[in-house]
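Results of the structural survey
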Amino acid sequence: MTSLMPLRSPSLSAPGLSASDRAAALERLLAASGWDKAGRRLLAGDASFRRYDRLTRDSGQTAVLMDAPPPLEDVRPFLGIARHLTGLGFSAPEVLAADETAGFVLLEDLGDDTYTRLLGQGHDETALYALAIDVLAELHAKTQARGLPAGLPAYDDARLLAEPLLFAQWTVPALLGQALDGAMTEAFRGHLAEVLPVARGVDQTLVLRDFHVDNLLLLPGRTGQARCGLLDFQDAVAGPLTYDLMSLLEDARRDIDPALISAMTGRYLDHFPGLDREAFAASWAVLAALRHLKVIGIFTRLAHRDGKPGYLVHIPRLWLLLERSLAHPALAPLARWLDHAVPKDARRVPDPHPLSRPLA
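These numbers come from a predicted model, not from an experiment.

This part covers the packing of aromatic side chains. Counting across every chain of the model gives nine aromatic pairs. Consider the rings of Phe167 and Trp319, whose centres lie 5.9 Å apart with planes at 85 degrees: the pair is edge-to-face. With a gap of 152 residues between them, Phe167 in helix H6 (residues 165-176) and Trp319 in helix H11 (residues 315-325) connect regions that are remote in the sequence. With respect to burial, Phe167 and Trp319 carry one shared label: buried. A centroid spacing of 5.1 Å and a plane angle of 45 degrees characterise the contact between Tyr268 and Phe272, whose relative ring orientation is tilted. On the accessibility criterion, Tyr268 (0% relative accessible area) is buried. Counting every residue linked through ring pairs, the aromatic cluster contains Phe167, Phe188, Trp319 and Trp337.

See below:
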């Protein structure tokens, strides 16, 4: 059994808490929950400042420790959505213990069978996606019937506008060597604002925002929709019902056969025969364009600001996805802007050299 490891980032202390205070808070949390004697090893890190460790008792029982250092992270949204999802019968990790002030959460361990891993092993792709679609449809149906969780933030215009602006702030300077001028930036913002009503042309629901194969697990010991484990939903908002479906089927991380996308979209729509198909398709296209612009910007920023160039491998796929979404007539002005700002021969992978700050 390994010994308890020290915090990996002792400089990331919470307001009013030193690194030693956080370490002491963690020891108290583990002792109070009976996990202080457990071995501990790194399970995963992600694009945020969170990290995850797997704790293992001598009996073989495991749990997951989330380390989300304040003020860079806030565990309260995660806790609220986790409890909401489990209360609806979905397989989010059960919260075993938490210290909200220090930024530690002890969670049920849902295992390692992520969709990403299973797909890499040749698991039935159609079956996995069908289960995810059914989970999403059930979540939307239950939200429609019971309402949104209290205090859920809105995916408002300010947020929807700010996210794709990361593309202008980080990716355009990385590709062209200079920032956009003020007129081009304002034109970009204007085209984005024009299509927001189209994005909102469908019902509002609980949007988990990172609903993709890295954050879905298969739990064979459970039945029905509970067979699909859900991770990484702390950024959940109230927003258009098309968003999570789009992020699952237009995945920055993997190529998906268009026939499967069509079949899974149809499977979702079969759950809601009253949905306006044209409004659905237009909302999907707009949100896809906004998301792909955002993610290209984030992946560039991760490389240049945070020294994490590994995400750049997905940029070629994202360019293709972005161009596909911009083919929708509602996005024609934005497509023309992009052709002028970043011509197709300039749409490449940004160089992975770090920048101390964006040029814009």
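Turning to H6, a few remarks are in order. Its 12 residues place the ends of H6 16 Å apart at the C-alpha level, agreeing with the 16 Å of an ideal helix rising 1.5 Å per residue. Where burial is concerned, most of H6 is hidden: 10 out of the 12 residues are buried. Against helix H5 (157-162), helix H7 (182-199), helix H10 (277-304), H11 and helix H12 (332-341) lie the buried residues of H6. Note on H6: the residue one or two positions beyond its end, Gly177, has a positive phi of about 80 degrees.

Here the focus is the layout of surface pockets. Space inside the second largest pocket adds up to approximately 260 Å³. Around the second largest pocket sit 14 residues that line it, and Glu250, Ile261, Ala281, Trp284 and Ala285 are the ones nearest its centre. For the lining of the second largest pocket, the secondary structure elements donating two or more residues are helix H9 (258-271), H10 and H11. Here the residues of the lining of the second largest pocket sort into seven nonpolar, four polar and three charged.

Rules and cut-offs
Residues numbered from 1 in each chain as written. Predicted model: local features only at pLDDT ≥ 70, side-chain atom pairs only at ≥ 80, totals over all residues. Heavy atoms only, no water. Phe/Tyr/Trp six-rings, centres within 6.5 Å; stacked < 30°, edge-to-face > 60°. Helix = DSSP H or I, 4+ residues; strand = E, 2+ residues; numbered from the N terminus. Buried < 20%, exposed > 50% of the residue type's maximum accessible area, 1.4 Å probe, protein only. Expected span 1.5 Å × (residues − 1). Contact = heavy atoms within 4.5 Å. 1 Å grid on protein atoms, 1.4 Å probe; cavity = no way out; pocket = protein on both sides within 12 Å on 5 of 7 lines; lining within 4 Å. Points joined across faces, edges and corners; volume = space filled by probe spheres on them. Nonpolar A, V, L, I, M, F, W, Y, C, P; charged D, E, K, R; others polar.

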